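Descriptive structure summary
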2 protein chains.
Amino acid sequence: MLADVELAKSYRLLNHGPTVLVSSAAGGKRNVMAAAWAMPLDFDPPKVLVVVDKSTCTRELIEASGEFVLNIPCRAQAAQVVRAGSESGHGRDKFASCGLEPLPAQKVGAPRVGGCIAYLECKVVPEPHNQRQYDLFIGEVIAAQADDEVYRDGRWTFSDAAKRSLHYISGGAFFATGESFQAG
Amino acid sequence: MLADVELAKSYRLLNHGPTVLVSSAAGGKRNVMAAAWAMPLDFDPPKVLVVVDKSTCTRELIEASGEFVLNIPCRAQAAQVVRAGSESGHGRDKFASCGLEPLPAQKVGAPRVGGCIAYLECKVVPEPHNQRQYDLFIGEVIAAQADDEVYRDGRWTFSDAAKRSLHYISGGAFFATGESFQAG
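This structure is a prediction, so every number in the text was calculated from the model and none was measured. All residue numbers here refer to positions counted from 1 along the written sequence of the relevant chain. Both sets of labels track the order of writing: A upward for chains, 1 upward for ligands. Note on the predicted model: pLDDT of at least 70 is required for a residue's local features to be given, and 80 or more for side-chain atom pairs to be given and counted; whole-chain, interface and lining totals, by contrast, use all residues. By convention in this description, side-chain values take in all heavy atoms of the structure and omit both hydrogens and water.

Focus: the overall build of chain A
The helix and strand tally for chain A stands at 4 helices and 14 strands. The quantity called the radius of gyration is restricted to C-alpha atoms. Its globule counterpart is 2.2 Å times the number of residues to the power 0.38. The C-alpha radius of gyration of chain A comes to 15 Å, within 12% of the 16 Å expected for a compact globule of 184 residues. The C-alpha extent of chain A, read off along each of the three principal axes, is 45 × 35 × 30 Å. Think of it in three bands: with a 1.4 Å probe and only protein chains considered, a residue is buried below 20% of the maximum accessible area for its type, exposed above 50%, and partly exposed in between. Here chain A holds 184 residues, and the buried ones make up 61% of them. A total of about 6,900 Å² of accessible surface is found on chain A, and carbon and sulfur atoms cover 49% of it. Note on conventions: DSSP H or I runs of at least 4 residues are helices, E runs of at least 2 residues are strands, and numbering of each starts at the N terminus. The Shrake-Rupley method, run with a 1.4 Å probe, gives the accessible areas here. Residue values count only the displayed protein chains as cover.

Topic: the interface of chain A and chain B
By definition, residues are in contact when any of their heavy atoms lie within 4.5 Å. Each side of the interface is counted separately: chain A has 49 residues, and chain B has 49 residues. Taking both partners together, chain A and chain B bury about 4,300 Å²; carbon and sulfur atoms supply 60% of that area. Buried area: the accessible area, evaluated with a 1.4 Å probe, that two parts lose upon being put together, summed over both parts. Among the residues of chain A in contact with chain B, A:Trp37, A:Phe175 and A:Phe181 are the three that bury the most area, contributing 19% of the side total. Whenever Lys or Arg places a side-chain nitrogen within 4 Å of a carboxyl oxygen from Asp or Glu, that contact is recorded as a salt bridge. There are 2 salt bridges connecting chain A and chain B. For B:Glu179, the salt bridge identified is with A:Arg75, shortest N-O distance 2.9 Å. Between N or O atoms, a polar contact is any pair within 3.5 Å; within protein, one atom must be a potential hydrogen donor and the other a potential acceptor, and residues adjacent in sequence are included only when both atoms are from side chains. Counting across the interface, chain A meets chain B through 27 residue pairs in polar contact (both at pLDDT 80 or more).

Structural notes on the packing of aromatic side chains
Stacked, tilted and edge-to-face are the three classes applied to pairs of Phe, Tyr and Trp rings, where Trp contributes its six-membered ring and a pair requires centres within 6.5 Å; stacked means planes under 30 degrees apart, edge-to-face means over 60, and tilted covers the rest. Summed over all chains, the structure comprises 16 aromatic pairs over all chains. A ring pair is formed by A:Tyr11 and A:Phe43, whose centres lie 4.7 Å apart and whose planes are at 90°; its orientation type is edge-to-face. Highlighted residues: A:Tyr11 in the loop between strand E1 (2-4) and strand E2 (20-26) and A:Phe43 in the loop between strand E4 (38-42) and strand E5 (47-51), separated in sequence by 32 residues. Exposure remark for A:Phe43: the relative accessible area of 41% places this residue in the partly exposed category. Judged by centre distance (4.9 Å) and plane angle (10°), the rings of B:Trp156 and B:Phe158 are stacked. Taken as a pair, B:Trp156 and B:Phe158 share a single burial class, namely buried. A connected cluster of aromatic rings, assembled from ring pairs, spans A:Tyr151, A:Trp156, A:Phe158 and B:Phe175.

A word on the side chain of A:Arg59
Residues and elements named next belong to chain A. On the secondary structure map, Arg 59 appears in helix H1 (residues 57-65). With a relative accessible area of 6%, Arg 59 lands in the buried category. Looking at Arg 59, its side chain comes within polar contact range of the main-chain oxygen of Val 52, at 2.8 Å.

Things to note about the pattern of salt bridges
Residue and element names in this part refer to chain A. A full pass over the atoms with the stated rule returns 22 salt bridges over all chains. Between Asp 147 and Lys 163 there is a salt bridge, and its shortest N-O distance comes to 2.5 Å. Of this pair, Asp 147 sits in strand E10 (residues 136-147) while Lys 163 sits in the loop between strand E12 (155-156) and strand E13 (166-170), placing them 16 residues apart in sequence. Via salt bridges that share partners, Lys 54, Arg 59, Glu 63 and Asp 135 belong to a single interconnected network.

Examining the sheet that holds E13(A)
Pairing is antiparallel in the open sheet, where 4 strands are placed in the order E13(A)-E14(A)-E14(B)-E13(B). The open sheet terminates on both sides in strands that have one partner only, identified here as E13 of chain A together with strand E13 (166-170) of chain B. In this sheet, adjacent strand axes meet at a mean angle of 40° when their direction is disregarded. Direction of pairing for E13(B) relative to strand E14 (residues 173-182) of chain B: antiparallel, over a ladder of 4 bridges. DSSP calls a pair of strands paired once it identifies at least 2 bridges connecting them. Helix axes use the C-alpha atoms of the stretch in contact, all axes being lines fitted to C-alpha atoms, and the angles between their N-to-C directions lie in the range 0 to 180 degrees.

A closer look at the UniProt feature "domain: Flavin reductase like" (unreviewed entry) in chain A
UniProt positions are given in the numbering used here, feature names are shortened, and annotations may be inferred rather than shown by experiment. Mapped onto the present numbering, the UniProt feature "domain: Flavin reductase like" (unreviewed entry) falls at residues 12-158 of chain A. End C-alpha to end C-alpha, residues 12-158 of chain A measures 14 Å, and it is 20% helix and 39% strand.

Looking at the relation of the copies chain A and chain B
With an axial shift of 0.0 Å and an RMSD of 0.0 Å, the rotation relating chain A to chain B amounts to 180°. On the angle and the small slide along the axis, the relation comes out as a two-fold axis. In terms of proximity to the rotation axis, the leading residue of chain A is A:Gly178, whose C-alpha is 1.7 Å off the axis. When you check the interface residues of chain A against chain B, 100% turn up at the interface there too, and the contact is symmetric in its surfaces. Residues below a pLDDT of 70 in either copy are left out; the C-alpha atoms of the rest, at least 70 in both, set the least-squares superposition of the copies.

With respect to the environment of B:Ala118
Residues and elements named next belong to chain B. Within the fold, Ala 118 resides in strand E9 (residues 118-125). Residues Ala 118 and Ser 10, spaced 108 residues apart in sequence, show a C-alpha to C-alpha distance of 9.8 Å. In this view, Ala 118 contacts Leu 13, Leu 70, Asn 71, Ile 72, Gln 145, Ala 146 and Trp 156; residues no more than four positions away in its chain are not counted.

Focus: helix H2 (residues 78-86) of chain A
What H2(A) keeps buried is the set A:Ala78, A:Val81, A:Val82 and A:Ala84. The arc that holds the buried residues of H2(A), viewed along the axis, is 165°, so those residues lie on one side. On its buried face, H2(A) is in contact with E2, strand E3 (29-35), helix H3 (94-98), E13 and strand E14 (173-182) of chain A together with E14 of chain B. The arc refers to the directions leading from the helix axis to the C-beta atoms.

Next comes the structure, spelled out in structure tokens:
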């Protein structure tokens, strides 16, 4: 079941560097793409960074709506994540072509991607120079939820291999998030 | 042994989202801090992003020198990474206090951290607004090397647990980079 994540601690969903799906919508169009280049930027108010190339359909939808969702997919969705990272959304409904289900988000018009293990709903903090020069977007996280089977009390609690988060390598290969251990 | 990594493919060292050590030096001072918030920004010329708080000694040294190294530590160094992420470098030699060895880099004055599995030597791309407003630094990667025991032919090839990269959670806990698999 999805449970709310305290906003000031929502950076913990991304702190370990998982690959994400970026979903967006505007003017009756919607799209989803994979992104390995996303990370937290600040704690409170929580902000995130994501790199979104100029050529993508997602870029148009984010610039038109000022919103996006960072969805954290799990190993069971790895093949769909690869498709979402290789197909273009121009002239195609990528939710359908990638076998992903669009679901309503809580606070933004962009859809969530069904079956993911966490969601960060974001409003763009406009920084036109970063967007133009570096394809870099800053989002303020305005809602966050996670699957309480794998995230509880502010901590990831992975056990089932199918529900672990993903770290993209290249050429359709990933690392699964590995074992946790205490170091200090 | 360290082997050169082709610059246009050096993003692959960071693509899976590992925690890094940021090392820097200026005016006879040197420092090292841990950072979970680092990622690639561009392929060629390769650029990276890293968040460095205003309060840190590292921040002063990066702003004074315009250089830093992103060092990718491994599980054998996890306890030192936690210390490097919790102690301040003001008034202290953190290499000594954290049990880390400073080694000369190839192209920058900032030291490398001995025993890490990869190194990205960076020159700051000055973006004063990002630095001031978001503590966000852009670096162009001008030299990259990796330990050929765990990185070969443009791919991580982890086997030994002690030499896997790290993904910081919080409170001194990490995920090790997990198993790799082919999805698409």
